[in-house]
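# Tertiary structure, described
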Amino acid sequence: MGKQSTFREDYRKAFRLLNLVRTMDASILPQSILQAMLEAWSPYVSLFFTARLIDRLMAGNFQAAAWSALWLLGSSLILGLLTDYFSSRRNLLGNQIFHGLTRLLREKAMDLNYATISDPDVAKSVTSTEQFSRFHGGLFGLVTQFQSLLKSMLSALTALVLIVSLCLAPTRNGGLLTVLCSPMPNLISLGLVVGGTCYLSSRVNRRYQSQEHQNSVEHVDAENGLSYLLMHVFCNIDAGKVIRLYDMGDMLKENYRRYMDIARPVYVKMCKSERAFHLLNTALAGVSSIYAYLLVLLKVMAGAVSIGSFTQYVGALAAFQNDISRILYSSMRVRRMVNYLGHFLDFLALKSTHTGTIPTEKRQDHVYEIEFHHVSFAYPGSTEPVLKDLSCKLTLKHKMAVVGLNGAGKTTTIKMLSCLTKPTSGDILVGGYSTTKEPEQVKRLIGVSPQETAVAPNLSVKENLELICGIHSFSKGKTEEKIRELSGQFALDTVLKRKAGKLSGGWQRRVSIAM
C-alpha cells in the first residue's frame with residue numbers, strides 16, 4: 001500500500017467519498033444519520049421507562065406503574081417500527097450507491113483518452129478496488145461504517161452522561177459506604193477502569209487491523225484464480241465447447257483444487273483472526289460489566305440511586321465499553337476502506353486530454369468522417385496543380401478504394417491524409433482534427449500500410465514491434481502489453497522470435513499492418 005497515511009489524511013479522503021455519495025443521492029446521508037440517532041438512543045429510552053416502572057412498582061404506585069408500562073410499550077413499538085423502516089431501505093440505498101458509482105466510473109472512462117484508460121497501473125488500481133468493494137461493501141460499506149461510528153459515539157456520549165451523574169449522586173446512608181460511594185473515589189475508579197479498557201481495546205484493534213490488512217491482500221489474491229475459473233471458464237458456454245473438444249475437464253478441476261488449496265489457509269487465518277478479536281473484546285466488556293454491577297450495587301446500598309435505576313446505570317456502563325470498542329473498530333474499518341476506495345477518487349480526478357470532437361482512440365464502430373475543404377496541391381515550382389479545389393466528405397463505415405490514372409493525385413492524397421504532405425491550400429479533417437494544425441491527433445486515428453512493407457528485415461518480429469512502441473514512447477509495461485495484444489490480434493505468437501526478413505510476403509504484410 002506504500003507509505004502509511006495519517007488519521008487526518010484518511011478522514012479527509014473519507015469525507016470526500018461521502019460527498020461523492022451525496023452527489024448520487026442527497027437523501028442517503030440524512031437517512032443514515034437519522035437511523036444512527038434512532039439506534040443509539042432507543043436502548044436508553046427503554047432503560048429509562050423500565051427504571052421508572054420498577055421504582056413505581058416497588059413504591060406500590062400501581063397506577064403510575066401502568067402509565068410507565070404503557071409509555072414503555074408505546075415507545076418500543078414506535079422506535080421498533082422506525083428502525084424496521086430504515087432497515088428495509090438499506091438494500092435500496094445500497095443499490096443506489098452501487099449503480100451511482102458504476103455510472104460515474106463508466107462516464108469517466110468514456111471521457112478519458114485511450115492511452116490513459118489502457119494504462120495497466122490505472123486498470124489494476126480500479127480493478128483491485130472494485131474487487132475489494134465486492135468483498136467489503138464498497139461505498140455503501142463506508143456509509144454503513146460511518147453510521148455505526150456515529151451511533152456508537154452518540155450512545156457512548158449518552159452513557160457517559162449517565163455514568164457521571166451516577167458517580168456524582170449523593171449518598172444517604174453513612175459509614176463506609178459513604179466513603180466508597182462519594183464522587184471523587186467513584187470518578188477515579190471510573191477513570192482507571194475506562195482508561196485501562198480503552199487502552200487495551202485500542203491495542204487489540206491495532207493488532208487486528210494489521211492482521212486484517214494482510215488477510216485482505218491474501219484474500220483478494222486467492223479469490224482471483226477462483227473467480228476467473230468460476231466466472232470466465234465454468235460458467236462460459238463458449239469455453240465449454242473448447243473444454244469438451246480438447247478434453248480439458250480434468251485439468252481445470254485440478255486447477256480449481258489447486259486454487260482452493262491456496263485459498264483455504266487464507267480463510268482459516270481470517271476466521272482465527274476474527275474470532276480472537278471478538279473474544280478479546282468480549283473479555284474486556286466482561287471486566288467492565290463486573291465493575292458496573294459493583295459500582296451500581298454500592299450506590300443502591302448507599303441510597304444514592306433507586307433500585308429501578310440499577311438496570312439503567314448497569315446498562316449504561318456496559319454499553320459504554322461496547323461503544324468504545326465499536327468506535328475504535330469502526331474508525332479502523334473506515335481508514336482501511338479509504339485506503340482502497342480512495343483509488344476511485346484518484347480515477348475520477350484523472351484529467352481528460354480530449355481536444356477534438358471525438359476521443360483519440362480508435363472507435364469500435366469504425367465510423368469516421370474525412371472532410372476535404374477546398375483542397376488544392378501543386379508541387380513547389382510547378383504551376384500545374386495535382387489536385388484542384390477538392391471538396392467532399394467520406395464516411396469510412398465501408399471499404400473504400402481510390403482509383404485513377406497515373407499522375408491523378410492518388411498517392412498525393414494519401415500523403416496529405418497521412419500528414420506527410422500539406423495541401424497548398426484548403427484543409428483536410430480526419431475525425432474532426434486538421435491534418436495541418438493537429439497532425440499528432442490525426443496520426444493516432446489512422447494507420448497506413450504502403451505497398452512496401454515497413455518491417456526491418458534484420459530484426460525479429462518482436463523487435464520490430466518494440467521499435468514502433470519505442471517511437472510512440474510507450475513504457476516497458478505498456479510495450480509488453482501492446483505486443484501481447486497485437487500478437488493475439490494478428491496471430492503472431494509463432495513468429496515473434498523469427499527474423500522478419502525470413503518470413504513470407506504475406507507474413508511480412510501482416511507484421512507491417514500490426515506495426
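Each remark here, short or long, concerns the structure printed above.
These notes cover the structure that comes with them. From a predicted model like this one, the values you see are computed outputs, not experimental measurements.

So, on to the overall build of the protein. Scanning the protein from terminus to terminus reveals 17 helices and four strands. In the protein, which comprises 515 residues, the proportion classed as buried is 38%. Across the protein, contacts joining residues at least 24 apart in sequence account for 74% of those joining residues at least 6 apart. Taken as a whole, the protein presents about 29900 Å² of accessible surface, with 62% of it coming from carbon and sulfur.

Okay, the pairing of strand β1 (residues 369–377) next. As paired strands, β1 and strand β2 (residues 387–395) are joined by six bridges and run antiparallel to one another. Each bridged residue has a counterpart across the sheet, and for phenylalanine 377 the counterpart in β2 is leucine 387. Of the pairings in the sheet, the one linking β1 to strand β3 (residues 425–430) comprises five bridges and is antiparallel in character. The partner of isoleucine 370 across the bridge, within β3, is valine 430.

Further remarks concern the packing of aromatic side chains. Counted by the stated rule, this structure contains eight aromatic pairs. Here tyrosine 11 and phenylalanine 15 contribute two aromatic rings whose centre-to-centre distance is 6.4 Å and whose plane-to-plane angle is 55 degrees, an arrangement assigned as tilted. Here the residue tyrosine 11 and the residue phenylalanine 15 both occupy positions in helix α1 (residues 7–24), the gap between them amounting to four residues, near one helical turn. According to the relative accessible area criterion, tyrosine 11 is buried, its value standing at 10%. Centroid distance tyrosine 11 to phenylalanine 146: 6.0 Å. Interplanar angle 90 degrees. Geometry classified as edge-to-face. Here tyrosine 11, found in helix α1, pairs with phenylalanine 146, found in helix α7 (residues 138–168); they are 135 residues apart in sequence, far enough to count as distant. Here tyrosine 11 and phenylalanine 146 have matching classes, each one buried.

Now for a nonpolar patch on the surface. Together, Leu160, Val164, Leu168 and Leu187 line one region of the surface with nonpolar side chains, adding up to about 280 Å² of accessible area. With three residues, the top contributor of residues to the nonpolar patch is α7. Take leucine 168: it is sitting in helix α7. A relative accessible area of 47% places leucine 168 in the partly exposed class.

Position of proline 43 among the secondary structure elements: in helix α2 (residues 28–58). Each C-alpha atom of the pair proline 43 and serine 155 lies 9.0 Å from the other, and the pair is 112 residues apart in sequence.

Here we take up helix α4 (residues 90–111). Relative to the 32 Å expected for 22 residues at 1.5 Å per residue, α4 spans 32 Å between its end C-alpha atoms, a close match to the ideal helical length. Within the sequence span of α4, burial applies to Leu93, Gly94, Ile97, Gly100, Leu101, Leu104, Leu105 and Lys108. The buried residues of α4 occupy an angular sector of 135 degrees when projected down its axis, which confines them to one face. Exposed and oriented more than 90 degrees from the buried face of α4 are Asn91, Phe98 and Met110.

Next up on the list: unusual backbone geometry. The backbone of histidine 374 sits at a positive phi, close to 50 degrees, despite the residue not being glycine. Mapped onto the elements, histidine 374 comes out in strand β1. The backbone of cysteine 419 shows a phi angle near 65 degrees, a positive value even though the residue is not glycine. Looking at where cysteine 419 falls in the secondary structure, it is placed in the loop between α13 (410–417) and β3.

Attention now goes to the sheet that holds β2. Read across the sheet, four strands follow the order β2-β1-β3-β4 without closing on themselves; strand pairing throughout is antiparallel. The open sheet has two free edges, formed respectively by β2 and β4 (433–434), since each of these has just one partner strand. Contacts from α13 reach β1, β2 and β3 within the one sheet, and its direction differs from that of β1 by about 120 degrees.

Running from amino to carboxyl end, α1 crosses α7 at an angle of 115 degrees, the nearest separation of the two axes being 10 Å. What the angle tells us is that α1 and α7 run roughly perpendicular. As for the relative orientation of α1 and α7, their crossing is left-handed in sense. Across the interface between the two elements, Tyr11, Ala14, Phe15, Leu17, Leu18, Leu20, Val21 and Met24 from α1 touch Leu139, Leu142, Val143, Phe146 and Leu149 from α7.

At a closest axis distance of 9 Å, the pairing of helix α11 (residues 249–301) and helix α12 (residues 309–348) adopts a crossing angle of 155 degrees. The orientation of α11 relative to α12 falls into the category roughly antiparallel. Every pair of crossing elements has a handedness; the one defined by α11 and α12 is right-handed. The residue makeup of the contact of α11 with α12, split by class, is 16 nonpolar, six polar and no charged.

What counts, and where the lines are drawn
- Residues numbered from 1 in each chain as written.
- Predicted model: local features only at pLDDT ≥ 70, side-chain atom pairs only at ≥ 80, totals over all residues.
- Heavy atoms only, no water.
- Helix = DSSP H or I, 4+ residues; strand = E, 2+ residues; numbered from the N terminus.
- Buried < 20%, exposed > 50% of the residue type's maximum accessible area, 1.4 Å probe, protein only.
- Contact = heavy atoms within 4.5 Å.
- Areas by Shrake-Rupley, 256 points an atom, 1.4 Å probe, with all protein chains shown as cover.
- Pairing = 2+ DSSP bridges.
- Phe/Tyr/Trp six-rings, centres within 6.5 Å; stacked < 30°, edge-to-face > 60°.
- Patch = residues over 30% accessible without salt bridge, like charges linked within 9 Å, V, L, I, M, F, W, Y side chains within 5 Å.
- Salt bridge = Lys/Arg side-chain N within 4 Å of Asp/Glu carboxyl O.
- Expected span 1.5 Å × (residues − 1).
- Arc of directions from axis to C-beta.
- Axes fitted to C-alpha atoms, helices over the stretch in contact; angles between N-to-C directions.
- Parallel < 35°, antiparallel > 145°, perpendicular 65-115°, else oblique.
- Left-handed = near helix turned anticlockwise from the far one by under 90°.
- Nonpolar A, V, L, I, M, F, W, Y, C, P; charged D, E, K, R; others polar.

Taken by themselves, the reported measurements are silent on function.
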